[in-house]
Amino acid sequence: MIKPIHTHHQQAIQMAEALGISPEELEARKGFLHFTADEARLLQDLLEPFQREVPLFVEFLHDRLGRYPETRQILEQVPSPLWLQKRHIEYFIEMTEGQYGLEYAWNRIAVGLAHQKIGMEPKWFMGSFSLFLEWIIPRILKDRTATPEKNIATILAVIKLSFLDASLALDAYFQADRSMLDLLSRVFDTDVEVVWILDTDGRILHANKTSGRIAGRDPSALRGTMLQDVLGMTPDEVSLFFADIGAHAREHEFWEGEFAVARPDGSSFPAWGTLNTVHAASGELSHFILEFRDRTEDKKVQEELERRTQDLLRSNKDLEQFAYVASHDLQEPLRMVTSYTQLLARRYKDQISEEANEFIGFAVDGAARMQALINALLAYSRVGTHGRELVPVETQTAFEQAKSNLKIAIQESQATITSTPLPTVTGDPIQLMQLFQNLIGNALKFRGTDSPVIRVGASREGPEWVFSVSDNGIGIDPKFWSRIFVIFQRLHSKEEYPGTGIGLAMCKKIVERHGGRIWLESDAGKGSTFFFTMKPVSRKKGKSA
Ligand code: ADP
């Protein structure tokens, strides 16, 4: 009975199909070896006497395999040496079972596959065939009951069967190797990149399919052409390419950069690529691998991005300039309006009607309010234009200063303000103070019925500090969370809560100038927490742009 000697029996059957090993093919192979049915019977006669001795042979074989470093290494990798011995015993017993049909072939193919997998090279495993012959031939000759002619015929049968076995195992071994190469070349046929294998003179030995799509070149037509012809370079540029890039790659085993690639129609495109070196086993440089992709789209996107950034910067600057000039220049006439209306109110207080007095009052109010707005706008526009260099700032100090500026409001509202220890960050000291002042000021202003309890904290989260300012005030409905950061956006009338609607816009601008983010969480009626991030002090110099 023939049992599969290999666990990957299914793979062996598939491989037999791939190799076209059918019963007919097997007969044909036996025909080429002149291996006859009589010889099969002669082998079968050996089964009896040798069954008991085969384990000894396998022991001897394993001992031999252990003598060469290459094969010893492989034996040492085998998880269970005893299991392997058992398989080998079965393998050699099968040789004398007299059944050399398809199943026998599958088992021999399984051996080739297993060898390919574990890295057992054919030249080594051919050695075991020869050891087998060395061992079995003297034993056949010892059989005095048989005629010398029969013994010779048996020996020939053993040799022929060894050839048959070896050819099946080798076919499977190399087919498996080839499938691996196919697989590798499919992997190598990436979709995004052109990959060319070059010899050291710059001749293209292999081009992947993508060459067609990206470089407009038939991969098979590229084979054998010189790189310089394809890159559309002048001879000078070529020598530069190899002198410069090739030399760099030789030295560093790698080069990366931009170059132009010419299409057959004469057009060319910018490519970004790498040149890698491949060394032979002897250590000598044997090949280059050039990989590249078309950068045309990248470049377009990059240019567009650049253009938009420039536009945005320009319009931002224009806006800032306008806000600054407008608020600055408006201040003077506004001061006039304010002081003259105030003068009018004082001087004619007793001479005009109650109604006229009221109108004057409105005018004074409006002018004062406008002045407040303009001052706020001026401060807002100055965040970007009049900001100082970012330096290490102790936020504890900025917080204390803000608190001190708000002393009166704090006392009046009987607020409790606490903080965890606050870190040093990279920032603009004045602006950080303004940031705390605006957030704490809002927490005081938008208080509920209880006296305000305001908590300031900071915690390190990865590469940044996250600050929080939380209050127990009126809270903010989530639908307004983004609106309140927009300039002049307020949720209340000036009668309910005084203000200009610039405070949070200013906070946002300050935080963004520092490369941070600002956001909030709030339960309407219960309170709000504003969060913002700041960068820690960089280790290099404690400065950043
Ligand atoms: P202002 O305070 O001058 O109104 P801000 O830009 O500072 O302007 O705030 C915008 C709006 O956001 C405020 O009018 C208020 O409705 C809301 N707001 C800001 N901070 C708080 C807070 N701590 N609690 C409740 N609402 C707040």
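A short tour of the structure in this document, coming up. Note that residues are indexed from 1 along each chain, following the sequence as it is written. Owing to the predicted nature of the model, reporting of local features is limited to residues with pLDDT of at least 70; listing and counting of side-chain atom pairs is limited to 80 or more, with chain, interface and lining totals taken over all residues. Excluding hydrogens and water, the side-chain values take into account all heavy atoms of the structure.

Turning next to the pattern of salt bridges. The salt bridge criterion pairs a side-chain nitrogen of Lys or Arg with a carboxyl oxygen of Asp or Glu, the two atoms within 4 Å. Per the counting criterion, the structure on display carries 29 salt bridges. We note a salt bridge from Glu39 to Lys160, for which the minimum N-O separation is 3.0 Å. Of this pair, Glu39 sits in helix α3 (residues 37–51) while Lys160 sits in helix α9 (residues 148–188), and the two are 121 residues apart along the sequence. Among the residues examined, Glu39 registers a relative accessible area of 9% and is labelled buried. Here the term buried applies to any residue with accessible area under 20% of the maximum for its type, exposed to any over 50%, and partly exposed to those in between, with areas from a 1.4 Å probe on protein chains only. For Lys160, a relative accessible area of 15% gives the class buried. Among the salt bridges present, the one from Asp477 reaches Lys479, with a minimum N-O distance of 3.8 Å. Salt bridges sharing partners connect three or more residues here, namely Glu258, Arg293, Arg295, Asp298 and Lys299. Helix numbering and strand numbering both begin at the N terminus, where a helix is a DSSP run of H or I of at least 4 residues and a strand a DSSP run of E of at least 2.

Right, let's get into empty space enclosed by the protein. Any residue with an atom within 4 Å of a point lines the site, the site being either a cavity, points on a 1 Å grid over the protein atoms alone where a 1.4 Å probe fits but cannot get out, or a pocket, an open set with protein on both sides within 12 Å along at least 5 of 7 lines. Grid points are joined across faces, edges and corners, and a volume is the space filled by probe spheres set on the points. Using the criterion set out here, one finds one cavity of 30 Å³ or more in the structure. Lining the largest cavity, in full, are Leu47, Phe50, Gln51, Val54, Phe92, Ile93, Thr96, Phe132, Trp135 and Ile136. Elements that contribute at least two residues to the lining of the largest cavity include exactly α3, α6 (81–94) and α8 (122–141). Three classes are used: nonpolar for Ala, Val, Leu, Ile, Met, Phe, Trp, Tyr, Cys and Pro, charged for Asp, Glu, Lys and Arg, and polar for all others, with Gly counted as polar. Among the residues making up the lining of the largest cavity, the classes are represented as eight nonpolar, two polar and no charged.

What follows concerns the sheet that holds strand β12 (residues 527–534). At least two bridges found by DSSP between two strands are what make those strands a pair. Strand order in this open sheet of five strands is β7-β9-β10-β12-β11, and the pairing throughout is mixed. Only two strands of the sheet have a single partner each, and these edge strands are β7 (416–419) and β11 (518–523). The mean inter-strand angle of the sheet, taken between neighbouring strand axes irrespective of direction, is 15°. Bridging between strand β9 (residues 453–461) and strand β10 (residues 464–470) involves seven bridges; their strand directions are antiparallel. Residue pairing across strands places Arg455 opposite Ser470, the latter belonging to β10. Structural elements are reduced to axes, namely lines fitted to C-alpha atoms, with helices fitted over the stretch in contact, and the angle between N-to-C directions of any two is expressed from 0 to 180 degrees.

Quick look at the packing of aromatic side chains now. In this scheme Phe, Tyr and Trp rings, the latter by its six-membered ring, pair at centre separations within 6.5 Å, and the angle between planes marks the pair as stacked below 30 degrees, edge-to-face above 60, and tilted otherwise. Scanning all chains against the criterion turns up 22 aromatic pairs. Look at Tyr173 and Phe174: their rings are 5.2 Å apart centre to centre, the planes differ by 80°, and that puts the pair in the edge-to-face class. For Phe174, a relative accessible area of 41% puts it in the partly exposed group. The rule for a charge over a ring is simple: NZ of Lys or CZ of Arg within 6 Å of the ring centre, and within 35 degrees of the ring normal. Against the face of Tyr91 rests Arg108, its NZ or CZ located 3.8 Å from the ring centre.

Right, let's get into the nonpolar core. By size, the foremost hydrophobic cluster in this structure holds 53 residues, and its most contacted members are Phe92 and Ile109. Among the secondary structure elements, those contributing two or more residues to this core are α1 (9–18), α3, α4 (54–65), α5 (69–77), α6, α7 (102–118), α8 and α9. The biggest single contributor to this core is α9, with eleven residues. Pairs of residues are marked as contacts when any of their non-hydrogen atoms sit within 4.5 Å. Every residue in contact with Phe92, bar those within four places of it in the chain, is listed here: Val54, Phe57, Val58, Leu61 and Phe132. The definition of a nonpolar core used throughout is a set of buried Ala, Val, Leu, Ile, Met, Phe, Trp, Tyr and Cys residues joined through side-chain atoms within 4.5 Å. In this structure, Val425, Phe436, Leu444 and Ile510 belong to the second largest nonpolar core, which totals 44 residues.

Let us now look at the site of the ligand. Among the 21 residues in the neighbourhood of the ligand, the closest are listed as Asn442, Asp471, Arg490, Gly501 and Leu504. In the environment of the ligand, an oxygen atom lies 3.3 Å from a nitrogen or oxygen atom belonging to the side chain of His492. Only the protein chains shown count as cover for residues, with accessible areas throughout obtained via the Shrake-Rupley method and a probe of 1.4 Å. Here the ligand has 530 Å² of accessible area as a free molecule, and 98% of this is covered by the chains. Going through the elements one at a time, α18 (429–445), α19 (503–513) and β12 are the ones with two or more residues in the shell around the ligand. At three residues, α18 tops the list of elements feeding residues into the shell around the ligand. Residue composition of the shell around the ligand, grouped by class: nine nonpolar, nine polar and three charged. Note on definitions. A residue lies near a molecule or strand when any single heavy atom of the residue is within 4 Å of it. N or O atoms closer than or at 3.5 Å make up a polar contact, with two conditions inside protein: a donor-capable atom paired with an acceptor-capable one, and, for residues adjacent in sequence, both atoms drawn from side chains.

On to the packing of α18 against α19. Packing of α18 against α19 brings their axes to within 9 Å, and their N-to-C directions diverge by 145°. Crossing geometry of α18 relative to α19 is assigned as left-handed. Facing α18, whose interface residues are Gln431, Gln434, Leu435, Asn438, Leu439 and Asn442, α19 presents Gly503, Leu504, Met506, Cys507, Ile510, Val511 and Arg513. When the residues that make up the contact of α18 with α19 are grouped by side-chain class, the tally is seven nonpolar, five polar and one charged. By definition, any crossing whose near helix is turned counterclockwise from its far helix by less than a right angle is left-handed, and any crossing with a clockwise turn is right-handed.

This paragraph deals with the sheet that holds strand β1 (residues 194–199). Spatially, β2-β1-β5-β4-β3 is the arrangement adopted by the five strands of the open sheet, whose pairing is antiparallel. Since the sheet does not close on itself, it has two edges, and those belong to β2 (204–207) and β3 (254–262), each with one partner. For this sheet, the mean angle separating the axes of adjacent strands, direction not counted, is 30°. Both β1 and β2 contribute to a ladder of three bridges, which runs antiparallel. Across the sheet, residue Leu198 finds its bridge partner in β2, namely Ile204.

Moving on, we come to a nonpolar patch on the surface. Taken together, the side chains of Met180, Leu181, Leu183 and Leu184 present a nonpolar region at the surface, about 390 Å² in accessible area. With respect to the helices and strands, Leu183 occurs in helix α9. Patch definition: residues above 30% relative accessible area lacking any salt bridge, with like charges linked at up to 9 Å and the nonpolar side chains Val, Leu, Ile, Met, Phe, Trp and Tyr linked at up to 5 Å.

As a further point, take the packing of α1 against α7. Any two packed helices are characterised by the angle at which their axes cross and by the distance between the axes. Contact geometry of α1 with α7 gives a least axis separation of 8 Å together with a crossing angle of 105°. Here α1 is positioned roughly perpendicular relative to α7, judged by the angle of their axes. Listed contacts from α7 to His9, Gln11, Ala12, Ile13, Met15 and Ala16 of α1 are Trp106, Asn107, Ile109, Ala110, Leu113 and Lys117. Here the contact of α1 with α7 is built from residues that sort into eight nonpolar, three polar and one charged. Convention used here: angles under 35 degrees read as roughly parallel, angles over 145 as roughly antiparallel, angles from 65 to 115 as roughly perpendicular, and any remaining angle as oblique.

Attention shifts here to helix α2 (residues 23–32). All of the buried residues in α2 are Leu26, Arg29 and Lys30. Here the buried residues of α2 occupy an arc of 100° about the axis, which is enough to place them on one side. Across from the buried face of α2, at angles greater than 90 degrees, the exposed residues are Glu24 and Phe32. Of the residues flanking the end of α2, it is His34, one or two places downstream, whose phi is positive at about 55°. In this description, the arc belongs to the directions extending from the helix axis to the C-beta atoms.

Topologically, Ser162 is positioned in helix α9. A distance of 2.9 Å separates the side chain of Ser162 from the backbone oxygen of Val158, its partner in a polar contact. Beyond its immediate stretch of four places on either side in the chain, Ser162 contacts Met95, Phe129 and Leu133.

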